[in-house]
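Single-letter residue listing:
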Amino acid sequence: MYDSDKRKLLSALCHGAIFFSTTIVSVGVPIALLLVSDDSVVKENAKESINFHFNVWLYGAILGTLFFLTGWLVLPLVVLLPLAGLGYLVHWGLTIWAIAQVLTYSDTPCRYPLIFRVF
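Procedures and definitions
- Residues numbered from 1 in each chain as written.
- Predicted model: local features only at pLDDT ≥ 70, side-chain atom pairs only at ≥ 80, totals over all residues.
- Heavy atoms only, no water.
- Helix = DSSP H or I, 4+ residues; strand = E, 2+ residues; numbered from the N terminus.
- Buried < 20%, exposed > 50% of the residue type's maximum accessible area, 1.4 Å probe, protein only.
- Contact = heavy atoms within 4.5 Å.
- Areas by Shrake-Rupley, 256 points an atom, 1.4 Å probe, with all protein chains shown as cover.
- Lys, Arg positive; Asp, Glu negative; His and termini not counted.
- Charge placed at Lys NZ, Arg CZ, Asp CG, Glu CD.
- Expected span 1.5 Å × (residues − 1).
- Polar contact = N/O pair within 3.5 Å; in protein donor to acceptor, adjacent residues only side chain to side chain.
- pLDDT = per-residue confidence, 0-100.
- 1 Å grid on protein atoms, 1.4 Å probe; cavity = no way out; pocket = protein on both sides within 12 Å on 5 of 7 lines; lining within 4 Å.
- Points joined across faces, edges and corners; volume = space filled by probe spheres on them.
- Nonpolar A, V, L, I, M, F, W, Y, C, P; charged D, E, K, R; others polar.
- Axes fitted to C-alpha atoms, helices over the stretch in contact; angles between N-to-C directions.
- Parallel < 35°, antiparallel > 145°, perpendicular 65-115°, else oblique.
- Left-handed = near helix turned anticlockwise from the far one by under 90°.

K.L.:
Tell me about the overall build of the chain, and please be specific about residues and values.
P.N.:
A count of helical and extended segments in the chain gives four helices and zero strands. Ordered by position from the N terminus, the helices and strands of the chain form the series α-α-α-α. Expressed as lengths along the three principal axes of its C-alpha atoms, the size of the chain is roughly 60 × 25 × 20 Å. Counting every position in the chain, which comprises 119 residues, the buried fraction comes to 34%. Sequence-distant contacts, at least 24 apart, represent 65% of the contacts inside the chain between residues at least 6 apart. Just so you have it, the chain exposes about 7,300 Å², and 76% of that area is on carbon and sulfur atoms. Side chains of the chain give 7 positive and 7 negative charges; the mean places of these two sets differ by 5 Å.

K.L.:
Go over helix α3 (residues 40-70) with me, naming the residues and quoting the values.
P.N.:
Taking 1.5 Å of rise per residue, 31 residues should cover 45 Å, and α3 covers 45 Å from first to last C-alpha, within 8% of that figure. The N-cap of α3, judged by a side-chain oxygen 3.0 Å from the amide nitrogen of V41 a few residues on, is D39.

K.L.:
Give me the environment of L103: which residues, what numbers.
P.N.:
When you line up the elements, L103 lands in helix α4 (residues 74-104). L103 sits 92 residues away from S11 along the chain, and the two C-alpha atoms are 8.1 Å apart. What L103 contacts, discounting residues up to four positions off in sequence, is K8 and A12.

K.L.:
Before we move on, could you go through the confidence of the model for the chain and cite the residues and values that matter?
P.N.:
Looking at the chain as a whole, its pLDDT mean stands at 91, while 98% of the residues score no less than 70. Here α4 is the element of the chain with the lowest mean pLDDT, 90, and helix α1 (residues 4-16) is the one with the highest, 96.

K.L.:
Now, about the layout of surface pockets: what can you tell me, with residues and values included?
P.N.:
Counted as a void, the largest pocket has a volume near 550 Å³. Forming the walls of the largest pocket are 23 residues, and the residues nearest its centre are V56, Y59, G60, G87 and H91. Breaking the lining of the largest pocket down by element, the ones donating at least two residues are α3 and α4. A per-element tally of the lining of the largest pocket places α3 first, with eleven residues. Here the residues of the lining of the largest pocket sort into 17 nonpolar, six polar and no charged.

K.L.:
Account for the packing of helix α2 (residues 24-36) against α3, with residues named and values stated.
P.N.:
The geometry of α2 relative to α3 is characterised by a closest axis approach of 8 Å and an angle of 160 degrees between their N-to-C directions. Compared by their axis directions, α2 and α3 come out roughly antiparallel. Seen from above, α2 lies across α3 with left-handed handedness. Of the residues in α3, those in contact with I24, S26, V27, P30, I31 and L34 of α2 are K43, A46, K47, S49, I50, H53 and W57.

Pasting the structure below:
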(Lines give C-alpha, C1' and ligand atoms only; values in the text may rest on other atoms or scores of the structure.)
Protein backbone atom coordinates (compact mmCIF):
# COMPACT_ATOMS: atom_id res chain seq x y z
CA MET A 1 0.00 0.00 0.00
CA TYR A 2 1.30 3.43 -0.93
CA ASP A 3 0.98 6.64 1.05
CA SER A 4 -1.86 8.57 -0.59
CA ASP A 5 -0.53 12.01 0.39
CA LYS A 6 2.94 11.24 -0.94
CA ARG A 7 1.42 9.90 -4.17
CA LYS A 8 -0.67 13.07 -4.57
CA LEU A 9 2.29 15.35 -3.92
CA LEU A 10 4.67 13.55 -6.31
CA SER A 11 2.04 13.21 -9.04
CA ALA A 12 1.10 16.90 -8.76
CA LEU A 13 4.79 17.79 -8.87
CA CYS A 14 5.17 15.78 -12.09
CA HIS A 15 2.41 17.71 -13.82
CA GLY A 16 3.12 21.07 -12.19
CA ALA A 17 6.77 21.05 -13.22
CA ILE A 18 5.85 22.63 -16.54
CA PHE A 19 4.93 25.80 -14.63
CA PHE A 20 8.62 26.20 -13.70
CA SER A 21 9.39 26.94 -17.35
CA THR A 22 8.70 25.46 -20.75
CA THR A 23 12.37 24.73 -21.28
CA ILE A 24 14.26 21.48 -20.84
CA VAL A 25 14.83 22.27 -17.14
CA SER A 26 11.19 21.63 -16.23
CA VAL A 27 11.12 18.14 -17.74
CA GLY A 28 13.90 17.13 -15.35
CA VAL A 29 11.46 16.88 -12.44
CA PRO A 30 9.22 14.17 -13.97
CA ILE A 31 12.29 12.37 -15.36
CA ALA A 32 13.85 12.31 -11.88
CA LEU A 33 10.60 11.11 -10.31
CA LEU A 34 10.27 8.44 -12.98
CA LEU A 35 13.72 7.15 -12.11
CA VAL A 36 13.56 7.29 -8.30
CA SER A 37 9.92 6.54 -7.46
CA ASP A 38 8.75 3.02 -6.80
CA ASP A 39 5.05 3.94 -7.02
CA SER A 40 3.48 2.80 -10.30
CA VAL A 41 0.92 5.66 -10.35
CA VAL A 42 3.64 8.28 -9.86
CA LYS A 43 5.67 6.65 -12.65
CA GLU A 44 2.68 6.76 -15.01
CA ASN A 45 2.02 10.41 -14.14
CA ALA A 46 5.70 11.18 -14.76
CA LYS A 47 5.55 9.52 -18.20
CA GLU A 48 2.39 11.42 -19.08
CA SER A 49 3.99 14.69 -17.96
CA ILE A 50 7.06 14.00 -20.11
CA ASN A 51 4.79 13.31 -23.08
CA PHE A 52 2.94 16.57 -22.43
CA HIS A 53 6.25 18.45 -22.33
CA PHE A 54 7.17 16.96 -25.72
CA ASN A 55 3.81 18.04 -27.15
CA VAL A 56 4.16 21.60 -25.84
CA TRP A 57 7.64 21.80 -27.39
CA LEU A 58 6.42 20.34 -30.70
CA TYR A 59 3.53 22.79 -31.04
CA GLY A 60 5.78 25.64 -29.90
CA ALA A 61 8.35 24.71 -32.55
CA ILE A 62 5.68 24.60 -35.23
CA LEU A 63 4.33 28.02 -34.24
CA GLY A 64 7.86 29.43 -33.91
CA THR A 65 8.72 28.20 -37.39
CA LEU A 66 5.55 29.72 -38.82
CA PHE A 67 6.34 33.02 -37.07
CA PHE A 68 9.85 32.94 -38.50
CA LEU A 69 8.74 32.11 -42.03
CA THR A 70 5.75 34.47 -42.22
CA GLY A 71 6.59 37.10 -39.60
CA TRP A 72 7.16 39.74 -42.24
CA LEU A 73 3.58 39.32 -43.49
CA VAL A 74 0.85 41.06 -41.53
CA LEU A 75 -2.07 38.67 -42.20
CA PRO A 76 -0.40 35.46 -40.94
CA LEU A 77 0.85 37.38 -37.90
CA VAL A 78 -2.73 38.42 -37.11
CA VAL A 79 -3.71 34.74 -37.18
CA LEU A 80 -0.63 33.31 -35.45
CA LEU A 81 -0.59 35.62 -32.42
CA PRO A 82 -4.10 34.67 -31.25
CA LEU A 83 -3.28 31.03 -32.01
CA ALA A 84 -0.19 31.25 -29.79
CA GLY A 85 -2.28 32.87 -27.04
CA LEU A 86 -4.86 30.11 -27.33
CA GLY A 87 -2.05 27.57 -27.15
CA TYR A 88 -0.84 29.03 -23.87
CA LEU A 89 -4.37 28.98 -22.44
CA VAL A 90 -4.81 25.34 -23.43
CA HIS A 91 -1.35 24.45 -22.11
CA TRP A 92 -1.99 26.07 -18.71
CA GLY A 93 -5.58 24.86 -18.57
CA LEU A 94 -4.65 21.24 -19.22
CA THR A 95 -1.89 21.42 -16.63
CA ILE A 96 -4.24 22.80 -13.98
CA TRP A 97 -6.79 20.13 -14.93
CA ALA A 98 -4.16 17.38 -14.57
CA ILE A 99 -3.08 18.63 -11.15
CA ALA A 100 -6.71 18.69 -10.01
CA GLN A 101 -7.19 15.15 -11.34
CA VAL A 102 -4.21 13.68 -9.50
CA LEU A 103 -5.19 15.44 -6.28
CA THR A 104 -8.78 14.19 -6.55
CA TYR A 105 -8.20 10.69 -7.91
CA SER A 106 -4.82 9.71 -6.51
CA ASP A 107 -5.13 6.00 -7.36
CA THR A 108 -5.31 6.50 -11.13
CA PRO A 109 -2.82 8.28 -13.37
CA CYS A 110 -4.01 11.31 -15.30
CA ARG A 111 -4.09 11.11 -19.10
CA TYR A 112 -4.01 14.31 -21.15
CA PRO A 113 -6.50 14.32 -24.01
CA LEU A 114 -5.36 14.65 -27.62
CA ILE A 115 -1.58 14.42 -27.19
CA PHE A 116 1.03 12.26 -28.88
CA ARG A 117 2.57 9.74 -26.52
CA VAL A 118 6.22 8.75 -26.88
CA PHE A 119 6.37 6.88 -23.57
